[in-house]
Amino acid sequence: MAQLDATAGLSAAVARRPNRVLPALILLATTIGSASAMRTVFSPVQEVAAAELHFSDFQMSLLQGLAISIPIGLLAIPVGRMTDRGNRSLLLFCLAMLWTVGTALTVFATEFWHIFAARMLAGIGAFSSLTVAISLTADLSSPATRGRSLMVLSLGNMIGGAAAFAFGGSLLGFYAQTTPLVEGLTPWRNVLLVFAGASLILSLLLLLLREPPRQEISETSPALSVALRELWERRGLLAPLFLGQVTVVMADAAASIWAAPVLERHYNLEPDQFGGWMGLVILGSGVIGALVGGFAADFGHKSKIKGGILIGAVVAAALSIPGALFPLMPTATGFAWLLLLLLTCGAITGLVTAAAIAVLVPNEIRGVCLGAFIVIGAIIGFGVAPTLVTIIADAVGGEDALRTGLAICGAATSTAAAIGFTAALIRAR
């Protein structure tokens, strides 16, 4: 009881210190933005890179999907354990250096497996950092404000992805007409070099971050086998929640990876033509999704409905089904509006899911739970979805049917997400 009282006092103290908490939240959001940018920047340049390296769509899907999912699948749970037990600030700095090095190595790689290994390094840091950042954010805020605090992280994530498209596309056009930063580097490699340099500077800022005290500790962090058993005991809630969030990741991953090639092949646009408005679409979806998701999570949590924290995810997943049809729009304008709808719904469900875990799962096993979500999301969402699009496209018409494969994959996974979140809401009651 004394420990619970102390935790309550700590939560109140956190709530009274917004001026000290906000800079830390902004730094975490900036870090997640950097991770998102390093993960996404390969998308606007992938058509040019594929042409230079003579890579097929299938090979590009492996670089964008499997290369990221393999290391995440192997390391997300260990990172989750380190999040629960170790110094999270130092851990986040180490992960940031990994994605920076991975992006830099991509600049100079020439063979498929060299680029594959470099993308693996970028993926380890970029995805594993979410577990650490969410855990830090949960302890920097009170339970009643976690939805809004996680909203700041979500904004950082979306701003990073938007910057990758906006600046990546613009820089690609710029370096196609001017002297490269390093003699002999082609334009797309110069783009990645600029992003790697910016990431290095932002990563060093993490040395200013201090470890916050942990809230809601009912006991010492249990052994991994005990933590996994406790998660298994919550499978009635977590299994459908996994289904909902993982299928959302599949739809969003497929969209973010293949949107640029679809625009180039079927709408005859170049990266410097669509990079700016694609960045606005990603940024707009992040801002709207974060605001709606954060307030929806807090409102649902305060409502009299048991499991009400998940209502926003159910509604957003249902709305994402028509949004998944964006590749089939006759004009680029229609493409942009439906893509905005899809990504906004994905931002809402992601934030609501993170808030639900932060509220419904005890602190001492929260890192493992988030790590498990990231493992499954990476393996299925990023490991399967990009390649699944190419398989569907080949089945219905080859590389010319890429837009059809993308639409079918997105609509199917969005439907599964709506079913999963609805089941999770029912179980949470």
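Structure: above.
A few points on the structure. All residue numbers refer to positions counted from 1 along the written sequence of the respective chain. Owing to the predicted nature of the model, reporting of local features is limited to residues with pLDDT of at least 70; listing and counting of side-chain atom pairs is limited to 80 or more, with chain, interface and lining totals taken over all residues. Computation of side-chain values covers all heavy atoms of the structure but excludes hydrogens and water.

### Some remarks on the packing of aromatic side chains
Note on aromatic contacts: the rings of Phe and Tyr and the six-membered ring of Trp form a pair at centre separations within 6.5 Å, being stacked when their planes are under 30 degrees apart, edge-to-face when over 60 apart, and tilted otherwise. Under the defined criterion, the tally for this structure stands at 9 aromatic pairs. Ring centres 4.9 Å apart and planes at 80° place the aromatic pair Phe112 and Trp113 in the edge-to-face group. The buried label applies to any residue whose accessible area, calculated with a 1.4 Å probe on protein chains only, is under 20% of its type's maximum; exposed applies above 50%, and partly exposed to all values in between. Residue Phe112 is classed as buried on the basis of its relative accessible area, which comes to 10%. A relative accessible area of 58% places Trp113 in the exposed class. Ring geometry for Tyr267 and Phe335: centres 5.4 Å apart, planes at 70°, overall edge-to-face. Within this pair, whereas Tyr267 is found in the loop between helix H10 (235-266) and helix H11 (271-302), its partner Phe335 is found in helix H13 (residues 332-360), the two being separated by 68 residues in sequence. Among the aromatic residues, those joined into a cluster by ring pairs are Phe55, Phe112, Trp113 and Phe116. By definition, any uninterrupted DSSP run of H or I lasting at least four residues is a helix, any uninterrupted run of E lasting at least two residues is a strand, and each is numbered from the N terminus.

### Description of the pattern of salt bridges
A carboxyl oxygen of Asp or Glu within 4 Å of a side-chain nitrogen of Lys or Arg is what we treat as a salt bridge. Taken as a whole, this structure holds 5 salt bridges when the rule is applied. With a shortest N-O distance of 3.2 Å, Arg265 and Glu47 are connected by a salt bridge. Taken together, the residues span a long stretch of sequence, with Arg265 in helix H10 and Glu47 in helix H3 (residues 42-53) at a distance of 218 residues. Residue Arg265 is classed as partly exposed on the basis of its relative accessible area, which comes to 25%. Accessibility expressed as a relative area gives 19% for Glu47, which makes it buried. We note a salt bridge from Arg88 to Asp139, for which the minimum N-O separation is 2.7 Å. Of the two residues, Arg88 sits in helix H5 (residues 88-108) while Asp139 sits in helix H6 (residues 112-140), which places them 51 residues apart along the sequence. On the accessibility criterion, Asp139 (2% relative accessible area) is buried.

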